[in-house]
There are 2 protein chains.
Amino acid sequence: MTEPAEISSLTLNRLSLYLRCLRQLQDAGTTHVSSGQFAQHFELSASLMRKDLAHFGEFGIRGTGYRVDDLAARLTTLLGLDRIHNLAVVGMGSLGSALARYLSFNDKPFRIVAAFDVDGRKVGHKIGHLVIHHSRDIPEVIPQTEAQIAVLSVPASAAQQCYEDLTVSGIEAVLNFAPTQLKQHPAVRTKSVDFQINLEELAYFLSS
Amino acid sequence: MTEPAEISSLTLNRLSLYLRCLRQLQDAGTTHVSSGQFAQHFELSASLMRKDLAHFGEFGIRGTGYRVDDLAARLTTLLGLDRIHNLAVVGMGSLGSALARYLSFNDKPFRIVAAFDVDGRKVGHKIGHLVIHHSRDIPEVIPQTEAQIAVLSVPASAAQQCYEDLTVSGIEAVLNFAPTQLKQHPAVRTKSVDFQINLEELAYFLSS
DNA sequence: CTGCGCTTGTGACATCGTGCACAAGTCGGT
DNA sequence: ACCGACTTGTGCACGATGTCACAAGCGCAG
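Here the structure is a predicted model, which is why all the values come from computation and not from measurement.

Procedures and definitions
- Residues numbered from 1 in each chain as written.
- Chains lettered and ligands numbered in written order.
- Predicted model: local features only at pLDDT ≥ 70, side-chain atom pairs only at ≥ 80, totals over all residues.
- Heavy atoms only, no water.
- Near = heavy atom within 4 Å.
- Polar contact = N/O pair within 3.5 Å; in protein donor to acceptor, adjacent residues only side chain to side chain.
- Helix = DSSP H or I, 4+ residues; strand = E, 2+ residues; numbered from the N terminus.
- Nonpolar A, V, L, I, M, F, W, Y, C, P; charged D, E, K, R; others polar.
- Pairing = 2+ DSSP bridges.
- Contact = heavy atoms within 4.5 Å.
- Axes fitted to C-alpha atoms, helices over the stretch in contact; angles between N-to-C directions.
- Parallel < 35°, antiparallel > 145°, perpendicular 65-115°, else oblique.

K.L.:
Can you help me understand the protein's contact with DNA strand C in this one?
P.N.:
Taken together, 26 residues sit near DNA strand C, with A:Arg14, A:Arg62, B:Ser35, B:Arg50 and B:Tyr66 positioned nearest. Within the side chain of A:Arg62, a nitrogen or oxygen atom sits 2.9 Å from a base nitrogen of DNA strand C. Between DNA strand C and B:Tyr66, the relevant distance is 2.8 Å, taken from a phosphate oxygen to a side-chain nitrogen or oxygen of the residue. Elements supplying a minimum of two residues to the surface near DNA strand C: helix H1 (9-28) and helix H3 (46-54) of chain A together with helix H3 (46-54) of chain B. By residue number, the principal contributor to the surface near DNA strand C is H3(A), which donates four residues. Across the surface near DNA strand C, the residue classes break down as seven nonpolar, 11 polar and eight charged.

K.L.:
Would you take a moment to explain the sheet that holds strand E6 (residues 130-134) of chain A for this structure?
P.N.:
As a general point, the strands of a sheet are linked pairwise by backbone hydrogen bonds and lie either parallel or antiparallel. Residues and elements named next belong to chain A. Judged by pairing direction, the sheet is mixed, and its seven strands sit side by side in the order E5-E6-E4-E3-E7-E8-E9 without closing on themselves. Since the sheet does not close on itself, it has two edges, and those belong to strand E5 (126-127) and strand E9 (189-192), each with one partner. With six bridges joining them, strand E3 (residues 85-90) and strand E4 (residues 110-117) adopt parallel strand pairing. Bridging from a neighbouring strand, Asn 86 pairs with Arg 111 of E4. The sheet contacts of helix H7 (residues 156-168) involve E3, strand E7 (149-152), strand E8 (173-176) and E9, and relative to E7 the element is tilted by about 170 degrees.

K.L.:
Please clarify how the packing of helix H1 (residues 9-28) of chain B against H3(B) should be interpreted in this entry.
P.N.:
Two measures define how a pair of helices packs: the angle their axes make with one another and the distance between the axes. Residue and element names in this part refer to chain B. Close contact between H1 and H3 brings their axes to 10 Å; oriented N to C, the two are set at 110 degrees. For the element pair H1 / H3, the angle class is roughly perpendicular. Of the residues in H3, those touching H1 at Thr 11, Arg 14, Leu 15 and Tyr 18 are Leu 48, Met 49, Asp 52 and Leu 53. When the residues that make up the contact of H1 with H3 are grouped by side-chain class, the tally is five nonpolar, one polar and two charged.

K.L.:
Would you explain the protein's contact with DNA strand D in this entry?
P.N.:
Around DNA strand D sit 26 residues in total, of which A:Ser35, A:Arg50, A:Tyr66, B:Arg14 and B:Arg62 are the nearest. Between DNA strand D and B:Gly63, the relevant distance is 3.3 Å, taken from a base nitrogen to a main-chain nitrogen or oxygen of the residue. Elements that contribute at least two residues to the surface near DNA strand D include exactly H3 of chain A together with H1 and H3 of chain B. The element contributing the most residues to the surface near DNA strand D is H3(B), with four residues. Tallied by class, residues from the surface near DNA strand D come to seven nonpolar, 11 polar and eight charged.

K.L.:
Hey, could you run me through the pairing of strand E6 (residues 130-134) of chain B in this one?
P.N.:
For a regular strand, side chains alternate in direction, first toward one face of the sheet and then toward the other. Residue and element names in this part refer to chain B. Relative to E6, strand E4 (residues 110-117) is paired through three bridges, and the arrangement is parallel. Bridging from a neighbouring strand, Asp 117 pairs with His 134 of E6. Bridging between strand E5 (residues 126-127) and E6 involves two bridges; their strand directions are antiparallel. Its bridge partner being in E6, Ile 127 is matched across the sheet by Leu 130. Connecting the antiparallel pair E5 and E6 is a turn made up of two residues, with Gly 128 showing a positive phi of about 70 degrees.

In structure tokens:
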């Protein structure tokens, strides 16, 4: 019972979350954990966790629970986080720079291999050891890199154009931070992180 | 049929999205739109839009569609975006600064009224016209402000502590950017924007 | 005033996601 | 070797979410 059908986003996102929690347990020196303990500690659902894992096989030991190291390792592999993924960051405003810094800072399986901006004053400058290219050169530069995923942190007005440039450049996935509804290309897996909408949701509940 | 039951997050987030799209139409000079046209233009579902709106009453004219200005205005009111909401930003790293800049930059109904950081070198400095306070003073400073919503952009290791300081200070809602699973306070509406998890989801689909 | 074309609002239905409860299975003690 | 305590993995039921199709309603033309 390995990957038969497409796994849902919800399940996948929870798996990332489980892995993160497991790392916390590792740091605390915990070696074994049951789904019940785990769920209580992190305010998650035990049965849902077991069901999420069940999509990919059997990970636990009945009567005992899960070995933290083992489960963490298997989730890491399963999510593809044991390999390096190359990123291109498009839009080096304050948000793009913050994301770039965050992603360069650590030992995570993401590596920035290209950066773009429209601002002529930024082009040519370096962010870390990486030269910033002009956004108009996306179709030329991307194929020279091994970038698979693009992080789109440009103003909403420029997002669609950049998105399309990226799709024709052979980018396989895009993580969009621009507060706009992208017309998606079917061959490119696209997700949006829209903090404005989340903020507005909170505002709603205060206004009632 | 005004607000009888709790509206789901999904519906609410789509309403924000509709409003955003309507503003685009306003800028383009469009005065009337049917749900079909709207859905096709923005790649959304027409029937779902109608159902989302139906939670709050009747907004359209049968046979004609929706008046763009009218619907935008009613959604604005409905979502509470016709009032100013006061924000506190906790964590003035690169991400927090980027968010603060973004939120100060425009005419949106959010206003930053307090900023915090643990870094002694930042405390006392100004971001715009706002003094940065030390994070340890959250319980003292927040009640003096009218802050209702907190934006939490601190490292994961500090997030839980800051969150709890905020909850005891009378904050009503928290938008968390730290990549960690918060133990939530029931009286405080809390949402997380976790770009790391979204990135990992994209990575998964590339690895298969 | 009447009829026609169009669009909304909505009930019925299908699909998806989650909680519950228990059979299957494992470990340690005796 | 067996028993009992415990936990996983899973079938089932329920609730939430989205799609479809159509009746109700509106405006315009004649």
